[in-house]
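Fold and contact review
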Amino acid sequence: MCVLAVLVGSLFIGAVDSRTIGCVLESVPGTRNQFTVQVVTTGQSKVFDCANGTVFDQQACVCVNDMDYTMRPTVPPMRRTTRISVDPLVPTTRPPCLFKPHVDRHFYLEFMHSSSWKPRPCAYGTLYNEEECMCIDRAPISTSICRPSFALDFNSKPIADSSNMQVYVRNEGVESVVDAGQFNKQAQLNIPMFSWLGHKMTVKFRFFEWDGGDREQTLFANCQHSIAGRRGMGSIEVMLRSATKEVVFRIKTKGSEMREIAVPYPTKSWKNVTLTYDGKYFKGKVNDREATVQVRGNIESRSEGIYIGQCPRNGPGGSKRAYVGYIDDLKFYKCVLPEVPSPELFVDRNPV
């Protein structure tokens, strides 16, 4: 018994250092889970390992759990698992990423038909992860964001979609004058992509009319060429009725007949127009005056998409309902945009 006491005493007596008063254990430099004890009789140190999942704490002079209690738990970054092939000759490396990051992480870039890189939107609530080559990161705001499906600011030449979606716009004679689209009764824009509209939409734009247009003039409509004697009326139309100084809003859904509302407008000034449909109510607004009707169902589809400035001629000898004036800051959404007034909508940029 005396021999055992002497042996234990030889391990620990004299191992006390001025750096760790009261602790005869010392951490091993360069490691976290080992400590040493100096043997006085031999002058050498013996290395011991901490238990799995623990590290040596010099201040506590004991092996403790490898956990920082001051830190809140976090979710580790999402990573795709690489499958282990049964066949050792089959490579396990990932295929090359076919996308590129966009400056806005709500989008990514895709190479289309050997022409150019096109922006593509991520699903709502997600952001593009460049390392994983997919939209898997959660966006800071989890609620759905209503973004334009196409936009025309008329600031560029040639006139093109400014929404980052790069939607094709067919231009027939529309000019950009003082950063606004000029329509001269012969000019029109056509966006053929949107033949189907669904049951939610918002349209916002400004216009400044001039004399010389047809009795009813096309500002925004999905009209089409007449087929089998039927007039090519649109299922969504925003028309200028110059005789009565009204903006006419029309809608035709699969569950209802054509509905129409008219809102008066002031002449020879910029007018701010907003059209909204949420599947239940159809609303037209000009500046601070608005009107609403109750409508239900999906908007009827039209094969030729959206026209701005004039419609195709509705039958032999019929009118194109051509517009004369300016249109600016047009945005089209396939969702209902919350009504937040924008200061730049009230800036009078008279193109005269």
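Look above for the structure.
Everything numeric in this text was worked out from a predicted model, so none of it was measured. (Residues numbered from 1 in each chain as written. Predicted model: local features only at pLDDT ≥ 70, side-chain atom pairs only at ≥ 80, totals over all residues. Heavy atoms only, no water.)

**Thoughts on the overall build of the protein chain**
Secondary structure summary: the protein chain contains 1 helix and 25 strands in total. Considering the protein chain as a whole, with its 352 residues, one finds that 39% of them fall into the buried category. Contacts in the protein chain between residues at least 24 apart in sequence constitute 54% of all its contacts with a sequence separation of at least 6. (Helix = DSSP H or I, 4+ residues; strand = E, 2+ residues; numbered from the N terminus. Buried < 20%, exposed > 50% of the residue type's maximum accessible area, 1.4 Å probe, protein only. Contact = heavy atoms within 4.5 Å.)

**Focus: the pattern of salt bridges**
The tally for this structure, following the rule as stated, stands at 19 salt bridges. The salt bridge involving Lys185 is made with Asp214; its shortest N-O contact spans 3.4 Å. Of the two residues, Lys185 sits in the loop between β14 (180–184) and β15 (188–191) while Asp214 sits in the loop between β16 (201–209) and β17 (216–221), which places them 29 residues apart along the sequence. Look at Asp214 and you get buried, because its relative accessible area is 15%. Note that Lys271 and Glu209 form a salt bridge whose closest N and O atoms lie 2.3 Å from each other. (Salt bridge = Lys/Arg side-chain N within 4 Å of Asp/Glu carboxyl O.)

**Focus: the state of the cysteines**
All told, the structure shown has 5 disulfides when counted by the stated rule. Disulfide partner of Cys50: Cys63, at an S-S distance of 2.0 Å. Its S-S torsion of approximately -65° makes the covalent link between Cys50 and Cys63 left-handed. Taken together, the positions of Cys50 in the loop between β3 (44–49) and β4 (54–57) and Cys63 in strand β5 (residues 62–65) put the pair 13 residues apart, joining distant regions of the chain. (Disulfide = S-S within 2.5 Å.)

**Side note on unusual backbone geometry**
Glycine aside, residues mostly have negative phi angles, and peptide bonds mostly take the trans form. The omega torsion of the bond from Lys157 to Pro158 falls at 0°, within 30 degrees of zero and hence cis. Within the fold, Pro158 resides in the loop between β11 (150–152) and β12 (170–172). For Lys268, which is not glycine, the phi torsion reads 50° and is therefore positive. Structurally, Lys268 can be placed in the loop between β20 (259–264) and β21 (271–277). Relative accessible area serves as the criterion here: at 37%, Lys268 is assigned to the partly exposed category. Positioned with a positive phi, Asp329 is a non-glycine residue whose angle comes to about 50°. Along the polypeptide, Asp329 turns up in strand β25 (residues 324–333).

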